[in-house]
Amino acid sequence: PSPCPPPGAEVRARCAQGACLVRCRRRLYDLSAFVRLHPGGEQLLRRRAGTDVSAALDGPPHRHSANARRWLEQYYVGELEPADEQVAAPAGMDPRCKTVDPDTDLVDWRKPLLWQVGHLGEKYDEWVHQPVDRPIRLFHSDFVEALSKTAWYVVFLVWTPVVLYLSWVSYTALAQGNTRLFSSFTTEYSIPVHKYYFPFIFLLGMFLWSLIEYLIHRFVFHMKPPASNYYLITLHFLLHGQHHKSPFDSSRLVFPPVPAALVIGFFYGLLRILLPEMLGLSVFVGGLCGYVIYDMMHYYLHYGSPRKGTYLYGLKAYHVKHHFEHQKAGFGISTRFWDYPFRTLIPEETFEKEE
């Protein structure tokens, strides 16, 4: 259970120690653990301790959705008296002091969630898109549960050596001059693929990955499973629903290497069928590099603090909108590019300009 609202003296002491305590009207919230994860967190830190954030919730730099307001209630610590800002002594514990109430929520958070969500039926879609700030346990087995979690740097450490090695293999193979395009159809008009083409083929692979990333995110991760299908709901929660339910669970922001290897192997095999061996490998290694950048970018958009006005700051705000307000739009992670031709761009009017 959450602690009781702190007394006024404690509020002032915590502010003096650097805590980020903010108020909306008379309600007091402790955002110390979350503020740096918010796109405007650095600016809010400069307005910390007793600031009235009622305007910030609706005004610049952007409006907040109903989900964002529900999210704020997880950090509620008490109410202030309007005259002296002393914390009112409530008659009982405010239920909003708890991040999740196990007795009233649709699932039992004391047990693994994966096998419960399929029973939510038509309530699943609304439930999964109401974010909470707490870690998720999926499996009963501690071993399987550990395999389902991944620190961000594991992706970099596992796949970067693979990218470097396969890049060297591809380049040296192309340098031998034996790779030709369309050679399986004709030898007279086949096109030689020189080693100097490797950087462009590599970039082509990265570009193709950005499209694959968009398509998977939109049509697989954001499919709406039939309310009557327990297994599809469970699969959706395993693939992506868990991330939308708990978007700041740091151990579930990147793809675990074991299942990632299966997906990566599938795309490698597909390219081997469609293209000459070394040409396919060159495209593949560019795509693999794109995947590593995507996963690192995704983690940063959740836990990084980009400087205001930069490209990454805008991308972080864009991704936060995707999580809290526009779950059916804004599918680009490392770039918004594909949201334009597919018409899934989050409307600009939802981002208010700062004064």
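Bear in mind the structure is a predicted one, so any value in this text is a computation, not a measurement. (Residues numbered from 1 in each chain as written. Predicted model: local features only at pLDDT ≥ 70, side-chain atom pairs only at ≥ 80, totals over all residues. Heavy atoms only, no water.)

**Considerations on the overall build of the protein chain**
Part 1 of the reasoning: Each helix and strand in the protein chain was counted, giving twelve helices and six strands.
Part 2 of the reasoning: Taking all contacts inside the protein chain whose residues are at least 6 apart in sequence as the whole, residues at least 24 apart take part in 68%.
Part 3 of the reasoning: Surface summary for the protein chain: the accessible area is close to 18,800 Å², and the carbon and sulfur share equals 62%. (Helix = DSSP H or I, 4+ residues; strand = E, 2+ residues; numbered from the N terminus. Contact = heavy atoms within 4.5 Å. Areas by Shrake-Rupley, 256 points an atom, 1.4 Å probe, with all protein chains shown as cover.)

**Some remarks on the pattern of salt bridges**
A side chain with one charge can pair with a side chain of the opposite charge if their charged atoms come near.
Part 1 of the reasoning: In total, this model carries six salt bridges according to the counting rule given.
Part 2 of the reasoning: Salt bridges linked by common partners bring Glu 145, Lys 149, Asp 249 and Arg 252 together as one network. (Salt bridge = Lys/Arg side-chain N within 4 Å of Asp/Glu carboxyl O.)

**Quick word on the packing of aromatic side chains**
Part 1 of the reasoning: For the coordinates displayed, the defined rule picks out 24 aromatic pairs.
Part 2 of the reasoning: Both rings, one in Trp 115 and one in Phe 139, keep their centres 6.3 Å apart while their planes meet at 70°; by these two values the pair is edge-to-face. Within this pair, whereas Trp 115 is found in the loop between strand S4 (76-79) and helix H5 (124-128), its partner Phe 139 is found in the loop between H5 and helix H6 (142-147), the two being separated by 24 residues in sequence.
Part 3 of the reasoning: On the basis of relative accessible area, Phe 139 is assigned to the buried category, the value being 15%.
Part 4 of the reasoning: Considering the side-chain rings of Trp 209 and Tyr 291, the 5.8 Å spacing of their centres and the 85° angle between planes classify their relative orientation as edge-to-face. Within this pair, whereas Trp 209 is found in helix H8 (residues 198-221), its partner Tyr 291 is found in helix H11 (residues 277-303), the two being separated by 82 residues in sequence.
Part 5 of the reasoning: Owing to a relative accessible area of 14%, Trp 209 belongs among the buried residues under this scheme.
Part 6 of the reasoning: Here the aromatic residues Phe 207, Tyr 214, Phe 331, Phe 337, Trp 338 and Phe 342 are joined through ring pairs into a cluster of three or more.
Part 7 of the reasoning: The lysine or arginine in question, Arg 336, covers the ring of Tyr 318, its NZ or CZ lying 4.4 Å from the ring centre. (Phe/Tyr/Trp six-rings, centres within 6.5 Å; stacked < 30°, edge-to-face > 60°. Buried < 20%, exposed > 50% of the residue type's maximum accessible area, 1.4 Å probe, protein only. Lys NZ or Arg CZ within 6 Å of the ring centre and 35° of its normal.)

**Thoughts on the environment of Leu 253**
Part 1 of the reasoning: With respect to the secondary-structure elements, Leu 253 resides in the loop between helix H9 (230-245) and helix H10 (257-274).
Part 2 of the reasoning: Exposure remark for Leu 253: the relative accessible area of 3% places this residue in the buried category.
Part 3 of the reasoning: C-alpha of Leu 253 to C-alpha of Tyr 300: the two residues are 47 residues apart in sequence and 9.5 Å apart in space.
Part 4 of the reasoning: Residues contacting Leu 253, with those up to four places away along its chain left out, are His 243, Pro 247, Asp 295, His 298, Tyr 299, His 302 and Tyr 303.

**Notes on the packing of helix H7 (residues 152-175) against H10**
A pair of packed helices is characterised by two quantities: the angle between their axes and the separation of those axes.
Part 1 of the reasoning: Close contact between H7 and H10 brings their axes to 11 Å; oriented N to C, the two are set at 45°. By the angle between their axes, H7 is oblique relative to H10. Considering only the axes of H7 and H10, their crossing is right-handed. Of H10, the residues touching H7 (which contributes Val 154, Val 158 and Trp 159) are Pro 257, Ala 260, Ala 261 and Ile 264.
Part 2 of the reasoning: Partitioning the contact of H7 with H10 into residue classes produces seven nonpolar, no polar and no charged. (Axes fitted to C-alpha atoms, helices over the stretch in contact; angles between N-to-C directions. Parallel < 35°, antiparallel > 145°, perpendicular 65-115°, else oblique. Left-handed = near helix turned anticlockwise from the far one by under 90°. Nonpolar A, V, L, I, M, F, W, Y, C, P; charged D, E, K, R; others polar.)

**Digging into the confidence of the model for the protein chain**
Part 1 of the reasoning: Chain-level pLDDT for the protein chain is 80 on average; 67% of the residues reach the 70-or-more range.
Part 2 of the reasoning: Counted against residues more than four places away or in other chains, residues 46-61, with its pLDDT under 50, gives 41 contacts.
Part 3 of the reasoning: The low-confidence segment residues 83-99 (pLDDT under 50) makes 34 contacts with residues lying over four places distant or belonging to another chain. (pLDDT = per-residue confidence, 0-100.)

**Considering the environment of Gln 116**
Part 1 of the reasoning: Tracing the backbone shows Gln 116 in the loop between S4 and H5.
Part 2 of the reasoning: Relative accessible area serves as the criterion here: at 18%, Gln 116 is assigned to the buried category.
Part 3 of the reasoning: Here Gln 116 is in contact with Val 107, Asp 108 and Lys 111, once residues within four sequence places are set aside.

**Observations concerning H8**
Part 1 of the reasoning: Taking 1.5 Å per residue, 24 residues should reach 34 Å; H8 reaches 32 Å between its end C-alpha atoms and fits that length.
Part 2 of the reasoning: Within H8, the full set of buried residues consists of Phe 198, Ile 201, Phe 202, Gly 205, Trp 209, Ser 210, Glu 213, Tyr 214, His 217 and Phe 221. (Expected span 1.5 Å × (residues − 1).)

**Here's the deal with the nonpolar core**
Part 1 of the reasoning: Core analysis: the biggest nonpolar cluster contains 34 residues, and Trp 159, Ile 264, Phe 284, Leu 288 and Tyr 291 have the highest contact counts within it.
Part 2 of the reasoning: At the level of secondary structure, the elements contributing two or more residues to this core comprise H7, H8, H10 and H11.
Part 3 of the reasoning: When residues of this core are assigned to their parent elements, the largest contribution, 15 residues, is made by H11.
Part 4 of the reasoning: Residues contacting Trp 159, with those up to four places away along its chain left out, are Pro 257, Ala 260, Ala 261, Ile 264, Leu 288, Tyr 291 and Val 292.
Part 5 of the reasoning: Grouped together as the second largest cluster of nonpolar side chains are 15 residues, Ile 136, Leu 138, Phe 139 and Ile 233 included. (Core = buried A, V, L, I, M, F, W, Y, C linked by side-chain atoms within 4.5 Å.)

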